[in-house]
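Next come the chains, spelled out residue by residue.
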Amino acid sequence: MQLRADLMVLALLTVTAEAGDTVCQAYGTKELPQFSKGGDINIGGIFSFHQNPVAVNPTLQVNPGALQCEWLDPGELQYAQTMIFAIEEINNSSYLLPNLSLGYRIYDSCPSIPVSVRASLALMNEYEKSQSCTKTATVQAVIGDTTSTSTIGIARTMGPFHIPVISHSATCACFSNRREYPSFFRTVPSDLYQNRALAKLVKHFGWTWVGAIRSNSDYGNNGMATFLEAAASEGVCVEYSVAIYRTDPRQWFLQVVDIIKRSTSKVIVAFADGTDLEILIKELYRQNVTGLQWVGSEGWVTYRYLASHINYAVVQGAVGFAVPNMVIPGLGTFIAKTRPSTQPGNKGLVELWEMTFNCSMTTGSEGSSVRGCTLTESLRETDSRYTDVSDSSLLNNVYKAVYAVGHAVHLLTTCQSGQGPFENNTCADKHNIEPWQVLHYLTKVNFTTKNSEVVFFDDHGDPPARYSLVNWQMDNTGSIVFETIGYYDASRPEGQQFEMKEDVSTVWAGHQTKIYLQ
């Protein structure tokens, strides 16, 4: 009911009068994009810049769309900057869309379904404040979001209007249902493959008696359901299966710790988000619950901000799947050179800048003890998560998503008269490109990136399912590293999908060099 109420409020338009003039503006949504730039073709972006939605008035006595967002996530800002980087790269290209420019409008999702839907509606029908309610600024495609739950709201909102949505990180197997999500694509493999791969992995190492932990979200619940089914078919028995979420009371996490302590299984399969799992890991550390063999999904197993020495004491030797890391030439320099703006619709870096340099972008604040930002500050001189692109696996997925849109539009604009895919073999009007036309061409893209990756989508909008198998280790300097010890390719024949690297050693639970056997 809450979501329905939000949609009703957000979809309404109100006509107000000022000084006798009729002005059209969207009702109930005052927020502007975090980043924006005009172009001939516009791409929307929705990322979880903040991690905690806070209701301004939870009594529902005011506009239910009034939510504020807290807990800035610099990693999500990286996704936005990668999107902008790829767009600028295409705009400067001499072979891809040489006569068209790409623009962008990027919003925050929080991540919250009401906020992500609100952003979707703004991207679809962003009526400019004008004398008429007929001028829209529709985008031709949308990149995002990071979480499956938030992306469900976006994809369901965009789907009926045939606006393509391409996610870099939403792995829920549910998105492969073309009836439910007819315009959805992604550059990250579906959890359907990862769940089955996890079941094969535990069977491969001889672990047939395991515990299971999941995030209480679409990602965790759907993922674990498929894993349990696959595990049963592989002859793997599950002693317990429990769900956790970051907003659960501490008492529940303590109960989960007690379940783990009382269990007889010594292998834990965790299909969880890193933020959720870290809370449980810290409780396990406080009670000295160590020496268990952890098996992880991509949601946490390479989450570098989980890799503290405290957490390592609990999950050392963990193994799991990860999206292969890729280097994007020039991206690190581009991000380090970014500067904040105070212009409406482009304030996405203001909060990060103020936090990083302990200054204020707001001038003329009386009584403020915080110095004003000079913009001579440099991110190059900071040890910032925002500028750390050492793990570019998901950044690369954003990069590929933008290029997929670019190639789709390129195919559209190079269509030969009389040989088009639409009615009577017609081509799209290059001066009035519709989202449904871009959607059609996205199903046809097949290109190779600078890193020699082949990008295409199957009939479900999914890419090929390939993973790195990583292992939590500590190097000679005491740093925690995610060592790649093998690969998994779902396209290979049964029995040949795992390829272990012979030139690297593996560390197991309890810092053992021999695999734990049940």
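Residues numbered from 1 in each chain as written. Predicted model: local features only at pLDDT ≥ 70, side-chain atom pairs only at ≥ 80, totals over all residues. Heavy atoms only, no water.

Below, the discussion takes up the overall build of the chain. In terms of helices and strands, the chain carries 13 helices and 20 strands. Across the 518 residues that make up the chain, the buried fraction comes to 51%. Sequence-distant contacts, at least 24 apart, represent 69% of the contacts inside the chain between residues at least 6 apart. Entry remark: accessible area of the chain is about 23,400 Å², with carbon and sulfur atoms responsible for 50%. (Helix = DSSP H or I, 4+ residues; strand = E, 2+ residues; numbered from the N terminus. Buried < 20%, exposed > 50% of the residue type's maximum accessible area, 1.4 Å probe, protein only. Contact = heavy atoms within 4.5 Å. Areas by Shrake-Rupley, 256 points an atom, 1.4 Å probe, with all protein chains shown as cover.)

Time to look at the confidence of the model for the chain. Residues with a pLDDT of 70 or more make up 88% of the chain, whose mean pLDDT is 88. Within the model, pLDDT remains below 50 along residues 1–20, and this stretch shows 37 contacts once partners closer than five positions in the same chain are excluded. (pLDDT = per-residue confidence, 0-100.)

This part covers the sheet that holds strand β8 (residues 141–144). Spatial ordering of the open sheet is given by β3-β7-β4-β8-β9-β10, a layout of 6 strands whose pairing is mixed. With partners counted over all chains shown, the strands left at the sheet margins are β3 (35–37) and β10 (184–186), one partner each. When strand polarity is set aside, the average angle formed by the axes of neighbouring strands in this sheet is 25 degrees. By the bridge criterion, 7 bridges tie strand β4 (residues 41–47) to strand β7 (residues 102–108) in an arrangement that is parallel. Bridge assignment links Gly44 to a residue of β7, and that residue is Arg105. (Pairing = 2+ DSSP bridges. Axes fitted to C-alpha atoms, helices over the stretch in contact; angles between N-to-C directions.)

Bringing the nonpolar core into the picture now. By size, the foremost hydrophobic cluster in this structure holds 63 residues, and its most contacted members are Phe35, Phe47, Leu77, Met83, Ile106, Ile143 and Ile166. Elements with a contribution of two residues or more to this core: β4, α2 (74–91), β7, β8, α10 (331–336), α11 (350–357), α12 (393–413) and α13 (435–442). With 12 residues, the top contributor of residues to this core is α12. Not counting chain neighbours up to four residues away, the residues in contact with Leu77 comprise Phe35, Phe49, Leu72, Gly348, Leu349, Leu352 and Tyr386. Formed by 29 residues, the second largest nonpolar core is a distinct cluster that contains Phe253, Val257, Val301 and Val470. (Core = buried A, V, L, I, M, F, W, Y, C linked by side-chain atoms within 4.5 Å.)

Helix packing for two helices is described by the angle between their axes and how far apart those axes are. Running from amino to carboxyl end, helix α7 (residues 250–262) crosses helix α8 (residues 274–286) at an angle of 65 degrees, the nearest separation of the two axes being 10 Å. Remark: the crossing between α7 and α8 carries right-handed chirality. Between α7 and α8, the residues in contact are Arg250, Phe253, Leu254, Val256, Val257 and Ile260 and Asp276, Ile279, Leu280, Glu283, Leu284 and Arg286, respectively. Its residues placed into classes, the contact of α7 with α8 shows 8 nonpolar, no polar and 4 charged. (Left-handed = near helix turned anticlockwise from the far one by under 90°. Nonpolar A, V, L, I, M, F, W, Y, C, P; charged D, E, K, R; others polar.)

Any two side chains of opposite charge can pair, on the condition that their charged atoms come close. In the structure shown here, the tally under the stated rule is 18 salt bridges. The partner of Arg250 in a salt bridge is Glu283, with the nearest N and O atoms 2.7 Å apart. Taken together, the residues span a long stretch of sequence, with Arg250 in helix α7 and Glu283 in helix α8 at a distance of 33 residues. Glu283 sits in the buried class, given a relative accessible area of 4%. Of the charged contacts, one joins Arg262 and Asp258 as a salt bridge, the two residues approaching to 2.9 Å between their closest N and O atoms. On the criterion of helical spacing, the pair formed by Arg262 and Asp258 is a turn pair, its members being 4 residues apart in helix α7. Here the residues in one salt-bridge network are Lys200, Glu234 and Glu494, joined through shared partners. (Salt bridge = Lys/Arg side-chain N within 4 Å of Asp/Glu carboxyl O.)

Here the structure, examined in full by the defined rule, presents 4 disulfides. Here Cys359 connects covalently by a disulfide to Cys373, the sulfurs 2.0 Å from one another. Judged by the torsion about the S-S bond (90 degrees), the Cys359/Cys373 disulfide is right-handed. In this pair, Cys359 sits in the loop between α11 and α12 while Cys373 sits in the loop between α11 and α12, placing the two residues 14 residues apart along the sequence. The burial state of Cys359 is the same as that of Cys373; both residues are buried. (Disulfide = S-S within 2.5 Å.)

On to α2. An α-helix turns once per 3.6 residues; consequently, residues spaced three or four apart project the same way. Along its 18 residues, α2 runs 26 Å from first to last C-alpha, staying within 8% of the 26 Å computed at 1.5 Å per residue. Among the residues of α2, the N-terminal cap falls to Asp73, whose side-chain oxygen and the backbone nitrogen of Gly75 are separated by 2.9 Å. (Expected span 1.5 Å × (residues − 1). Polar contact = N/O pair within 3.5 Å; in protein donor to acceptor, adjacent residues only side chain to side chain.)

Side chains on a regular strand alternate between the two faces of the sheet. Burial along β8 is two-sided: the residues Ala141 and Ile143 and Val142 and Gly144 are all buried. In this sheet, β8 lies alongside β4 in parallel orientation, the contact comprising 4 bridges. Bridge pairing in β8 links Ile43 to Ala141. Relative to strand β9 (residues 165–167), β8 runs parallel, the two sharing 2 bridges. From the neighbouring strand, Ile143 faces β9, where its bridge partner is Ile166. Where the polypeptide runs from β8 across helix α4 (residues 148–158) and back to β9, its parallel neighbour, the crossover connection is right-handed. (Right-handed = clockwise from strand over helix to strand, strands pointing away.)

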